[in-house]
Amino acid sequence: MNILLVNPVRNLSRAPNLPLGYLAAALESAGHKVRVADRAMRGLSKARLHEIALGQGWDVVGIQVYSCGYEEARCLARAVRAAWPETKILVGGRHVTALPEETLLAEAAFDVALVSEAEASVCRYVEALNEGPDALAQVPNLVYRGASEGEILRG
């Protein structure tokens, strides 16, 4: 699969984003094509980040969400959803780990959330996409939407 991992928050830090790096390494070792777009490390403008995210139809866009960048994450997810409705939008990070159900309920553009350490879970989630909706229940640390309106389930 073709996967984009994003940190949508630009701050003064230019340090490597280890969580996104770990996820990228795990996904690449499982045979997936991965690109990381980190606004903080690369100094990307919001416009350039959106250009990367919308420039092609990614199979999965993973967005790192911190509380301070929650609105940026929502904005990016909505733009991806509008441009590429079939793209799966995965969120993770500290905000999501603390409030996974609330995060999904508050933003319809977010498809699933990975909580806590996600290196193994993200690979299992991508595999489950090819196996059908019932496979999501077998993905550890995954929080996702159920069949009923407002239903949130955990893997």
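Analysis parameters
- Along every chain, residues carry numbers that run from 1 in the direction the sequence is written.
- Local features are withheld for residues below a pLDDT of 70 in this predicted model, meaning they are given only at 70 or higher, and side-chain atom pairs are given and counted only at 80 or more; totals for whole chains, interfaces and linings count all residues.
- To get the side-chain values, all heavy atoms of the structure are used, and hydrogens and water are removed first.
- The term nonpolar core refers to a set of buried residues drawn from Ala, Val, Leu, Ile, Met, Phe, Trp, Tyr and Cys, joined through side-chain atoms within 4.5 Å.
- When a residue's accessible area, from a 1.4 Å probe over protein chains only, is under 20% of the maximum for its type it is buried; when over 50% it is exposed; and in between it is partly exposed.
- Strands are runs of DSSP state E lasting at least 2 residues, helices are runs of H or I lasting at least 4, and numbering of each runs from the N terminus.
- Throughout, a contact is declared for two residues whenever any of their heavy atoms are within 4.5 Å.
- Orientation is described by lines fitted to C-alpha atoms, with helices fitted over the stretch in contact, and by angles between N-to-C directions that extend from 0 to 180 degrees.
- Here roughly perpendicular refers to angles of 65 to 115 degrees, roughly parallel to angles under 35, roughly antiparallel to angles over 145, and oblique to all remaining angles.
- Note: crossing handedness is left-handed where the near helix turns anticlockwise from the far helix by less than a right angle, and right-handed where it turns clockwise.
- Polar here means any residue other than Ala, Val, Leu, Ile, Met, Phe, Trp, Tyr, Cys and Pro, which are nonpolar, and Asp, Glu, Lys and Arg, which are charged; Gly is therefore polar.
- Here, strands pair whenever DSSP counts at least two bridges between them.
- Pairs of N or O atoms within 3.5 Å make up the polar contacts considered here, provided that, within protein, one atom can donate a hydrogen while the other can accept it, and that residues adjacent in sequence are counted only when both atoms are side-chain atoms.

**Q** Could you clarify how one ought to interpret the nonpolar core in this entry?
**A** Proteins that are soluble and globular tend to have nonpolar side chains buried together. Counting residues in each nonpolar core, the largest one holds 26 residues, and the members touching the most others are Leu 4, Val 61, Ile 63, Val 65, Leu 76, Val 91 and Phe 110. Secondary-structure elements contributing two or more residues to this core are strand 1 (2-7), helix 3 (46-54), strand 3 (60-64), helix 4 (70-83) and strand 4 (88-92). Counting residues per element, this core draws most heavily on helix 4, which supplies five residues. Residues in contact with Val 65, not counting those within four places in the same chain, are Tyr 70, Ala 73, Val 91, Gly 92, Gly 93, Arg 94, His 95 and Val 96. Counting 23 residues, the second largest nonpolar core, distinct from the first, contains Leu 23, Val 34, Cys 123 and Tyr 144.

**Q** Mind showing me how you'd approach the packing of helix 1 (residues 18-29) against helix 7 (residues 119-131) here?
**A** Two measures define how a pair of helices packs: the angle their axes make with one another and the distance between the axes. Running from N to C, helix 1 and helix 7 point in directions that differ by 45°, and their axes come no closer than 9 Å. Taken together, the axes of helix 1 and helix 7 are oblique relative to one another. Crossing angle aside, the handedness with which helix 1 passes helix 7 is right-handed. Residue-level inspection shows Tyr 22, Leu 23, Ala 26 and Leu 27 of helix 1 in contact with helix 7, the latter providing Glu 119, Val 122, Cys 123 and Val 126. Partitioning the contact of helix 1 with helix 7 into residue classes produces seven nonpolar, no polar and one charged.

**Q** Can you help me understand the environment of Glu 72 in this one?
**A** By secondary structure assignment, the location of Glu 72 is in helix 4. For the pair Glu 72 and Ala 98, spaced 26 residues apart in sequence, the C-alpha to C-alpha distance is 18 Å. When residues no more than four places from it in sequence are discounted, the contact partners of Glu 72 are Pro 8, Arg 39 and Lys 46.

**Q** Even after reading the chapter, I still don't get the sheet that holds strand 2 (residues 33-38), so can you show me in this structure?
**A** What links the strands of a sheet is backbone hydrogen bonding, and the strands pair in either a parallel or an antiparallel sense. Read across the sheet, seven strands follow the order 2-1-3-4-5-6-7 without closing on themselves; strand pairing throughout is mixed. Two strands lie at the open edges of the sheet, namely strand 2 and strand 7 (152-154), each paired on one side alone. When the angles between neighbouring strand axes are averaged without regard to direction, this sheet yields 20°. Contacts from helix 7 reach strand 1, strand 3, strand 4, strand 5 (112-114) and strand 6 (142-145) within the one sheet, and its direction differs from that of strand 4 by about 160°.

**Q** Just to check I follow, could you spell out the side chain of Asn 17 for this structure?
**A** With respect to the helices and strands, the residue Asn 17 is situated in the loop between strand 1 and helix 1. A relative accessible area of 16% means that Asn 17 is categorised as buried. One polar contact links Asn 17 to Gln 64, side chain to side chain, over a distance of 2.7 Å. Excluding its chain neighbours within four sequence positions, the residues that come into contact with Asn 17 are Asn 7, Asp 38, Met 41 and Gln 64.

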